[in-house]
Amino acid sequence: MVRKNPAETPLMRQFLEVKADYPDAIVFFRMGDFYEMFFDDALVAGRALDLTITSRDKGRDDAIPMAGVPHHAARGYLMRLTDLGHKVVVVEQMEDPRQARGLVKREVVQIITPGVVIDDDALEPKRARYLAAVVCGEGGSRKPGAGAGSGLGFGLAHLDASTGELRATWVANVEELARELSRIAPRELLAAEADLAPDGELGELGRRLAGCVFTRAAPAARAEADELLSGLAVDAPVVQESGPAERELAERAAATCVAYARATQPAGVLPLARLQLYGIRDAVVLDETAIVNLELTETLLPGTGGPGGRRSGSLLGVLDQTVTAPGGRLLRRWLLYPLVDVAPIRRRQDAVEFFVERQGVRERVRRQLDEIHDLERLAGRASLGAASPRDLGQLRASLARLPHLAAEIRAGAAPGFEPPDLLRIGGELLDQLAELHGELAAALVDEPPPIATAGGIVRDGFCPVVDENRRLADGGRDAILAIEARERERSGIGSLKVKYNRVFGYYIEVTRSQLARVPADYVRKQTIATGERFVTPELAELEAKILAAQETLIGREAELFRGLVAQVARRTGALLAAAAQVATVDVCAALADLAHRSDYVRPAVDDSEVLEIAEGRHPVVERAVGAGEFVPNDCRADPAGRQVLLLTGPNMAGKSTYMRQVAHIAILAQIGSFVPARAARIGMVDRIFTRVGAADNLARGESTFMVEMRETAAILAGATRRSLVVLDEVGRGTSTFDGLSIAWAVAEYLHDVIGCRTLFATHYHELCALAESRPRVVNLQAAAREVGGRIAFLRLIIPGGASRSYGIEVARLAGLPPAVLARSRDVLAALENGHHPGDGDGPQLSLFTAPPPAASPAPEPLAERLRAIDPNTMTPLEALALLAELRELAR
Ligand code: ADP
């Protein structure tokens, strides 16, 4: 038999028509219980998902490759594809194939892209999923090396389609763009084709944004943007650092996101209520490396020193005691955008303090919060037309909690006083939502089902049509029971049963032994092994009534449900506003809970340049080492006096921990949180830069030293007098003399030119000499003591520079063989006396003999230690520790 070309069938033509509209996407084509993929889609998805590739026309040369996934398991496959960066178009059958004449009608119902996911199961509860868009301004920024002010820069927007969160900003150059994108961590970035080319404006970004897919999309033009954004409330940035042209770029970027996300949702409306324009100076500038190195949201990945570790063990992991998903998402945002203005920080502190001081209120509020579902995403799904009856049930339950939540907070305030600003849950908003709650409560059954197409959604007494048909359907079923009883009696067949199946509807079943008694008016329909099945006109008539009633019932219920969803969607704005208030309450109560349980204090925040911490602790390490084991340390830094804190001391003594804890405390203070310390005062920090640890970025294939120097260069270029700079072991990646010279020059530059608060850890104790020529350099050391040739860490940061690095003792702890240790002691002694280990005139050093006595007598340690003391800068705690140390030395 000659068959025609497989691609010429009506079905394939239908498929190819869809495919033509979405050449860059994988098309999930619904066929009965499967989604099928064809041609290259089948090959690509087959490889990615490990599916068997088959064909409808086996054995032909032009057979079409095909792969399928069962529809009930499709979601998992879909998510794996989008995680790999694919875009998937879902095509559904729009009519029942059994009733369709000819080809089943099919339509695109949803497009899922890495950046636009609305399916709740596929989203992380406490993390937004962002689509971002960049729009390049005309002008000078296209020239390589062009910096701020040379052109119009870029508009940058991000959107979470599941909640309608939409924000946009403007950045001056590619550096700022990359930095802001690393903070947003979008899953998909829209940009113009030309800009994404390898030599284009954004070509360089590709290497730097992990886990982000780049999608070509024409930026929205100005008129188009106005239209796309019309009706949205627009929040203006706090810090106005740009003019109308820059604002237009930001808005066009926002509109680009909206246009793209809208096109993926042909069946619903994006839950958009407002566009938040923000200035990147509204928040502390966090360098890409600071987010990673300070382990703000995830730990460093062991072995690579890069991002990608776990959330637990990060600062967010400790901080996040929120009970709602929107609260979790908000806290993440607070953490990544610490504030630079004192007033809003104090407002947050007031709210946190309110809950710290009222444990009972806090606990009751948190119990209410626990009953509130993800209002943002519920509102989002209603707006997108994707809400289920169960979703509306959750919404109803959540709305019922809001008045209680508001009442608990009000009850916590003293009579006549209002609770802090941030904790007010709006009166008018509550009224609007009470109305919605009333509508849902009146209409929905107590436990609504997960799907909308099988009835059982609407409460009795709500709709006469529903009641009537429900009664008819139920009554019909009762009538059938009555018929069964009557027929048993009439025929005398005690085992007679009325049953139902999909093929015959209602029928009477009689077992073989009783067949002789069957009344004459029964119509035989089927013979089965154990007996026979009959129908009667009466049953058929009843059945028709029941089915008709049921059909009307389900249809009416579905219609009423759609009406309810529309009622919810109409309140999207109010719901999102209430969700934001609830999230704020959750975050403040969570921060208070942490502060209370972990003994944090409210820091003073002001516009000074001082950073002062008494008995500070590292929020994460303190948990790891256990209660009471962590040794607190003070810190005082300010550009006027103690500007560069030069920290020396052996490895493992606690230098990195100390520096990170200072940075963490500054960040916590500026997000409005309490801080792990006895007391603290933080003068606003505008940017935080870090170069921490020997993080060799082998994953990126760059040499350690190159990365280190690039990061250092970025710090020197970007830091201002208000910044906080944390440098660990600069210069380690190269030879000793190079490294020392670079570290020296960097420290001088920070002191002489930038003047910012700086923590500078180094193993070059030669650097301590800097304090003699530079007035604002202060030497500190992580104290260690040697007892019987062994090293003990005190975890105390004390004044003065370390005289030696104890590297060999640490090497011993690490298990280096004794012979190697002995030899390194020899070499060290020789070097310290100005000899080269190979010099003929130095002491004769040989590898496997006992070390010779040192050439000059070792300095008296007690006297040396005493000379290093600066009593003016010591805290009582340090003095005590010093006493202990001196006593140890004297033994
Ligand atoms: P360094 O940077 O000097 O090499 P780290 O800061 O990495 O040292 O500290 C090494 C380990 O010492 C940490 O992992 C931590 O467990 C412990 N540690 C550091 N500081 C303290 C402290 N203040 N109290 C208790 N343990 C600490």
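Above this text is the structure in question.
Being a predicted model, the structure only gives us computed values, none of them experimental. (Residues numbered from 1 in each chain as written. Predicted model: local features only at pLDDT ≥ 70, side-chain atom pairs only at ≥ 80, totals over all residues. Heavy atoms only, no water.)

Caption draft 1: Up close: the site of the ligand. Near the ligand lie 14 residues; those nearest to it are V631, M652, K655, S656 and T657. Here an oxygen atom of the ligand and a backbone polar atom of K655 are 2.8 Å apart. Residue R795 places a side-chain N or O atom 3.0 Å away from an oxygen atom belonging to the ligand. When the ligand is considered free in solution it has 560 Å² of accessible area, and contact with the protein chains removes 78% of it. Elements represented by at least two residues in the shell around the ligand include exactly α20 (621-625) and α21 (655-671). Of all the elements, α21 adds the most residues to the shell around the ligand, at three residues. Taken together, the residues of the shell around the ligand sort by class into seven nonpolar, four polar and three charged. (Near = heavy atom within 4 Å. Polar contact = N/O pair within 3.5 Å; in protein donor to acceptor, adjacent residues only side chain to side chain. Areas by Shrake-Rupley, 256 points an atom, 1.4 Å probe, with all protein chains shown as cover. Helix = DSSP H or I, 4+ residues; strand = E, 2+ residues; numbered from the N terminus. Nonpolar A, V, L, I, M, F, W, Y, C, P; charged D, E, K, R; others polar.)

Caption draft 2: Seen up close, the nonpolar core. Counting residues in each nonpolar core, the largest one holds 134 residues, and the members touching the most others are F355 and L392. In terms of residue count, the dominant contributor to this core is helix α19 (residues 572-598) (15 residues). Apart from residues no more than four positions distant in its own chain, F355 is found in contact with V361, R362, V365, I409, L423, V585, C588, A589 and A592. Residues V116, A168, A250 and L275 belong to the second largest nonpolar core, which totals 33 residues. (Core = buried A, V, L, I, M, F, W, Y, C linked by side-chain atoms within 4.5 Å. Buried < 20%, exposed > 50% of the residue type's maximum accessible area, 1.4 Å probe, protein only. Contact = heavy atoms within 4.5 Å.)

Caption draft 3: Structural context of the environment of S312. With respect to the element layout, S312 can be found in the loop between α9 (288-293) and α10 (315-319). Between the C-alpha atoms of S312 and G626, which are 314 residues apart in sequence, the distance is 16 Å. Of the polar contacts made by the side chain of S312, one reaches the side chain of R310; its length is 3.0 Å.

Caption draft 4: Looking closely at the pattern of salt bridges. The final tally for this structure, using the stated rule, is 59 salt bridges. Among the salt bridges present, the one from D421 reaches R424, with a minimum N-O distance of 3.5 Å. By relative accessible area, D421 is classed as partly exposed at 46%. Between R533 and E509 there is a salt bridge whose closest N-O contact spans 3.0 Å. (Salt bridge = Lys/Arg side-chain N within 4 Å of Asp/Glu carboxyl O.)

Caption draft 5: Structural context of the sheet that holds strand β28 (residues 790-799). Read across the open sheet, the seven strands follow the order β14-β24-β25-β26-β22-β27-β28; overall the sheet is mixed. Lying at the two open borders of the sheet, with one neighbouring strand each, are β14 (285-286) and β28. Note that strand β22 (residues 644-648) and strand β27 (residues 777-787) share five bridges and pair parallel. Residue L647 lies in a different strand from β27, and its bridge partner there is L780. Across the sheet, α21 touches β14, β22, β24 (687-691), β25 (724-728), β26 (757-761), β27 and β28, and the angle it forms with β25 is around 160°. (Pairing = 2+ DSSP bridges. Axes fitted to C-alpha atoms, helices over the stretch in contact; angles between N-to-C directions.)

Caption draft 6: Summary view of the sheet that holds strand β15 (residues 497-501). The strand order across the open sheet formed by four strands is β15-β16-β18-β17, and the pairing between neighbours is antiparallel. Looking at which strands have only one partner, the edges of the open sheet turn out to be β15 and β17 (523-528). Mean inter-strand twist for the sheet, computed between neighbouring axes without regard to direction, equals 35°. Relative to strand β18 (residues 531-535), β17 runs antiparallel, the two being bridged by five bridges. Note on β18: the bridge partner recorded for V523 is V535. Of the strands in this sheet, β15 and β16 (505-511) are in contact with helix α17 (residues 464-491), which crosses β15 at around 140°. Contacts from helix α18 (residues 537-570) reach β15 and β16 within the one sheet, and its direction differs from that of β16 by about 140°.

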